[in-house]
Amino acid sequence: MLLRVSHRFSILHPKLGAVFHPRSSPRLRRANHSLPMSARLRCLASLIGPAAENDGSAPNGFLPPTPSTNEEEDLTLAGGYRFPPKEIRDIVDAPPVPALSFSPLRDKILFLKRRALPPLSDFAKPEEKLAGLRIDGSCHSRSRMSFYTGIVIHKLEQDGSLGPEMEVHGFPEGSKINFISWSSDGRHLSFSIRGDEDGADGNKLKLWVADTETGKARPLFQSPNIYLNTIFDNYVWVDNSTLLVCTITNSLGKPPKKPLVPSGPKIQSNEGQNIIQLRTFQDLLKDEYDANLFDYYATSQLVLVSLDGVVKPVGPPAIYTSIDPSPDQKFILVSQIHRPYSFTVPCGRFPKKVDLWTADGKFVREICDLPLAEDIPITSNSVRKGKRSINWRPDKPSTIYWVETQDGGDAKVEVSPRDIVYTEPAELADGAEREVLFNLDLRYGGISWCDESLALVYESWYKTRKVRTWVIAPDNKEVKPRILFDRSSEDVYSDPGSPMLRRTADGTYVIAKIRKDNHASDETYVLLSGAGATPQGNIPFLDLFNIDTGAKERIWESDKDKYYESIVALMCDQTDSDLRLDELKILTSKESKNENTQYNLLTWPEKKSVRITQFPHPYPQLKLLRKELIKYQRKDGVQLTATLYLPPNYDPEINGPLPCLFWSYPGEFKSKEAAGQVRGSPNEFAGIGPTSALLWLARGFAILSGPTIPIIGEGDEEANDRYVEQLVSSAEAAVEEVVRRGVADPNKIAVGGHSYGAFMTANLLAHAPHLFCCGIARSGAYNRTLTPFGFQNEDRTLWEATNTYIEMSPFMLANKIKKPLLLIHGEEDNNSGTLTMQSERFFNALKGHGALCRLVLLPFESHGYSARESIMHVLWESDTWLQKFCVAGGGDKLGDANSAKTNDNCESKVLSASGSSKEGLEQENPQSTWRSSL
C-alpha cells in the first residue's frame, strides 16, 4: 500500500491508501483518487475540554449563561485580537487526537500526532501568489501547510488489540512532518522534515526514512544539500528500495528580481474573436516577471535514490506535476506543464505534457502534449480537449488507459459517443494501435477495475442528474457491456453503494471478488458498501452482490437505534485470490449522538467487533447535549429536514424557549422528491469544529444545523429562477417548526452561514427580515455581477440570465436590509467568486443606507480561517453580536447604531456602522440571558 500524506490546511491528499483523521468536518474520503472507494472514512476532531461544575441552582442543572463579564471582554491577544468566552475557548483550544494510518499488510497502525490551532505568525510569512497557487518561496512548497509533530507505531494484533507504543525517533525535536508514505512491503516509512531555523535552508524540506520495526529514522540523502520541491508532486516509492523524488535544482541561484521599470504595457488580446468565458479565478500570473518567478519555484529535478543513499538524477529540470510508477515497477508516467503560460487561467490549464519513461528515468515516448486550455466552456460537464485522466490499469503490469472527449469539451454540443475510453500497453509492438475500451454518451466519471473479466465504468450528466454504472469485460470483446445501475445522483435512497477494494501484490487496488463458500462458483460476487440513506436517516450497510444476476444479500448493517457505524476498509486483503466470506475482516468507525468516533475490527463469521481505539470524549461538558433529526414541510409540499441541537439538561417546558442560531447552506435539485429525501443520521456524533455553530450550545443556544434549503428547478426550469422564493419558503418552514416545538424564541433567532451560506444569510435578511433578529455572514459573495460567468452550479452568464443575477444579489437590496449584519472575511481569500472585495463593497453599500452592520477583515486568512488568533477573534465577534442582537433582543434597536465602541488597536481590521458598546453588551434579559454551568 503506497500511502502518501500531504497535510495542507488539515486536508490530506493521499495518492494511495488511506489516512483516517478524527476531525469535525465531513469525513468522506477516497482511498484512490481514480477509483470509487467503498470505505467512508469517518473522522471527527476530538477536542478535549474540561467539564465545569454544576452548582445546581436551576431546574435539572440547566443554567442560562450570562453575557461576557468585563474581565472576559477585556481579554486580548497580542495586537488586539480578542478571546471568546471561556466555555467556547475551552472547546476550541483543546488538543486534537491523532490521525490514523494502517500499513499495507494491515499489521501496524500509525498514530500521527497533531498540534492544536496554529499561531498567526505561521501565516504572516511571505508567500508568492502565482498561477492559482500560493507558494512558500523559502522551501519551494505550497504555503500554509499544517503538519504532524510526531509518529507513533503500534502493532495490530490478530485479536484487534494494539501492541506497545513505539515512537519514531532520530529526527530533530520540534520538526514538522509532512508527506508520510509506506513502502509497499510496509518495512519502511518515508516522510519529509522541516524546521523553523532562520537562514536560506533552515525551512526547506528534507526526506527521511524510518524502519518500522525499530522506529529508527534517518535522512535518506547523504548530502545535506538535497531538498524536496513539493509545489506539485513530491516523491513516490518506485519499489521497496527505491524512491523517485522531486528536488530543488542545484543550479537554481537567487530568485529573479522584479524590474524597476516594466518592459512594456500589459496586453491581452482576443483579435481572433474566440469565445472565452472564465470564472473569477484568483492569484493568476500578472506579467512576465510572475511567469519567471513561477518557473523558478516550480521547476524541480527528478532523482532516483535508493535506501542506501545512492542518488541518480533523471530527466531535465522541469515543472513536474505528477510521477506515477506502473504496477510492475518498469515504467513511470511523468506529467509536466510548460510555456506558453496564461494570465487568465490557473496552472491546471497550462500546456501539459505526459511522457512515458522507464523506471530508471529513460525516455520511451510521448503520450500527449496538450495546448493551453483557456477556452473550456463554463457549462457543467465541460472538459479539456485531448487526452485526460491518464492512468495505469491497476490489474495489469503496465497498461495505460485514458479518455478523450468527442464534443470538443463543450457540454452543449450534442454528439454520440461523448467520451471514448482508450487503452494501450506501455510497450507497444510494431504497428500496434490504441484500443477502444468503451464508448460513453454521458461524461466519463471513472473506472473501478477488477481483472480481465470485470470492470465498472461510471458516467454522469449534471443537467439531468443521471448517473450510470456499466459492467464490462475489459479483455473480452465478445462480452457485451451492460448497465448495472441507472439512477439519479440526487436519489440517495436508491444508491446501491460502491465496490470494496482489495490490495494487489503490486500495491494497487482492485475490486475484491468474494467467494461465498469453499466451493468454486461461476458466479461473481463483490461487496458493496454504502451510506444506506432511508427516510429515518442513514443506516450504513454491506451487501454481498452478485454481479451476474443483480441479487444482493445484506450481510451487515449498522445499528438503527443508537449507533452510527460505517465501513472504512477491508483489513483482510493481503492476497491476490478471491476473498472468502467467512474470513472477512472489516475496519469500521462507530459513534452515537453522545459517544465520539472510535474504530473497530469486525470479523466474520461471528461478526465479532473489537474496539481498537480509546479516544477520549472531546468536550465532556457537552456530552449530554440533545440531538434530533427533525422533519417538516414547506408550503409547496417539499419535505425538509434539519438537525436540532439543544444544550445538556435543557427542558423546554421548564426552561422555556431559547435564543436560536440557524446555520445552513442551500443546495440545488432537479426534483421535489429528491430534495425531500433525508440525508445524514440522527445517531452521528455531534462533531464541533473550531468555527462551528455548535459552539454556541455552550452558551445556552438552540442550534438549527443544516436545515435543508433546496432550490429546485424541475424540467426545463433553472433552479435559480425561483431562488428567492424557495429560499424564503424553506427558512419560514424551519423557523415555524422550532417555534412550534417551543425550543426557540421567535424574536431571538439569528441566521448565519459561510461562503454560499453567507450569501444565503444576506438574502434572508433582505427578503425575510420577519424571521431573524440578526445575521452573521462569513466569506460570502453578495454581488453576482462580479461573477458574471457563473457561480456555484449556475452556468448561465450574466447576459443570459440578467434578471436572475440581479434578483439573487443582496448587494442590490442593501437599502432593504434593516437587521444587524456582521460580515467577516479573510483578507487573502483565494476562493473563486468570494473575493474579499465582495464583503468590502457590500459593507459600504449597507453603510451608505444607514444599516446596522460591521465588517471584520482577517489579515493573512483565506476562504477558511486557520490561525488561532483569527479563529478566537471570529468567535468573539460572533458571540458579541449574538449576545447583543439576539440574546439581549437588540436586533430591532436600530437607534443603537452609533452607540458602539471599536477597538482601534485590533489587528483584525474592523469597520463598523454600529459598533458595540460595553454597556450594550452588559444588558441582561433574565428570560434568555444565561449563566453557563456547562
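Note that the structure is predicted; figures quoted are calculated from it, not measured. (Residues numbered from 1 in each chain as written. Predicted model: local features only at pLDDT ≥ 70, side-chain atom pairs only at ≥ 80, totals over all residues. Heavy atoms only, no water.)

### Regarding the confidence of the model for the protein
Part 1 of the reasoning: Of the residues in the protein, 86% have a pLDDT of 70 or more, and the chain-wide mean is 87.
Part 2 of the reasoning: In the model, residues 22-60 has pLDDT below 50 throughout and makes 146 contacts with residues more than four positions away in sequence or in other chains.
Part 3 of the reasoning: Under a pLDDT of 50 for its full length, residues 893-907 has, in the predicted model, 38 contacts with residues more than four places off or in other chains. (pLDDT = per-residue confidence, 0-100. Contact = heavy atoms within 4.5 Å.)

### Side note on the side chain of asparagine 720
Part 1 of the reasoning: Among the secondary structure elements, asparagine 720 is positioned in the loop between β45 (710-712) and α6 (723-740).
Part 2 of the reasoning: Taking relative accessible area as the criterion, asparagine 720 reaches 4% and is therefore assigned buried.
Part 3 of the reasoning: Engagement of the side chain of asparagine 720 in a polar contact is seen with the side chain of glutamate 794, the distance being 3.1 Å.
Part 4 of the reasoning: Once residues lying within four places of it in the same chain are set aside, the contact partners of asparagine 720 are Glu668, Ile711, Tyr756, Phe791, Glu794, Arg796, Thr804 and Met808. (Helix = DSSP H or I, 4+ residues; strand = E, 2+ residues; numbered from the N terminus. Buried < 20%, exposed > 50% of the residue type's maximum accessible area, 1.4 Å probe, protein only. Polar contact = N/O pair within 3.5 Å; in protein donor to acceptor, adjacent residues only side chain to side chain.)

### Quick word on the environment of valine 457
Part 1 of the reasoning: Mapped onto the fold, valine 457 is located in strand β25 (residues 454-461).
Part 2 of the reasoning: Residue valine 457 is classed as buried on the basis of its relative accessible area of 0%.
Part 3 of the reasoning: For the pair valine 457 and isoleucine 447, spaced ten residues apart in sequence, the C-alpha separation works out to 4.6 Å.
Part 4 of the reasoning: Ignoring any residue separated from it by four or fewer positions in sequence, one finds valine 457 in contact with Phe438, Leu440, Gly446, Ile447, Arg468, Thr469, Trp470 and Ile472.

### Re the sheet that holds strand β4 (residues 128-130)
Part 1 of the reasoning: Spatial ordering of the open sheet is given by β4-β5-β6, a layout of three strands whose pairing is antiparallel. The open sheet has two free edges, formed respectively by β4 and β6 (141-142), since each of these has just one partner strand. (Pairing = 2+ DSSP bridges.)

### Brief notes about unusual backbone geometry
Part 1 of the reasoning: Across the junction of serine 416 and proline 417, the peptide omega takes the value -5°, indicating a cis bond.
Part 2 of the reasoning: Structurally, proline 417 can be placed in the loop between β21 (399-405) and β22 (419-425).
Part 3 of the reasoning: Between tryptophan 604 and proline 605 the backbone carries a cis peptide bond, its omega angle lying at 5°.
Part 4 of the reasoning: You can see proline 605 is positioned in the loop between β38 (598-603) and β39 (608-611).
Part 5 of the reasoning: Here the phi dihedral of glutamine 273 falls at roughly 55°; this positive angle occurs in a residue that is not glycine.
Part 6 of the reasoning: Along the chain, glutamine 273 falls in the loop between β14 (242-248) and α3 (288-298).
Part 7 of the reasoning: Given the relative accessible area of 70%, glutamine 273 is considered exposed.
Part 8 of the reasoning: For serine 779, which is not a glycine, the phi torsion comes out positive at approximately 55°.
Part 9 of the reasoning: Here serine 779 shows up in the loop between β47 (774-778) and α8 (802-808).

### Quick notes on the packing of helix α2 (residues 86-93) against helix α10 (residues 868-887)
Part 1 of the reasoning: It is at 11 Å that the axes of α2 and α10 come closest, and there the two elements cross at 150°. In terms of their interaxial angle, α2 and α10 are classed as roughly antiparallel. The interaxial crossing formed by α2 with α10 has right-handed handedness. Each of Ile88, Arg89, Val92 and Asp93 in α2 lies in contact with α10, whose residues at this interface are Arg868, Ile871, Met872, Leu875 and Asp879. (Axes fitted to C-alpha atoms, helices over the stretch in contact; angles between N-to-C directions. Parallel < 35°, antiparallel > 145°, perpendicular 65-115°, else oblique. Left-handed = near helix turned anticlockwise from the far one by under 90°.)

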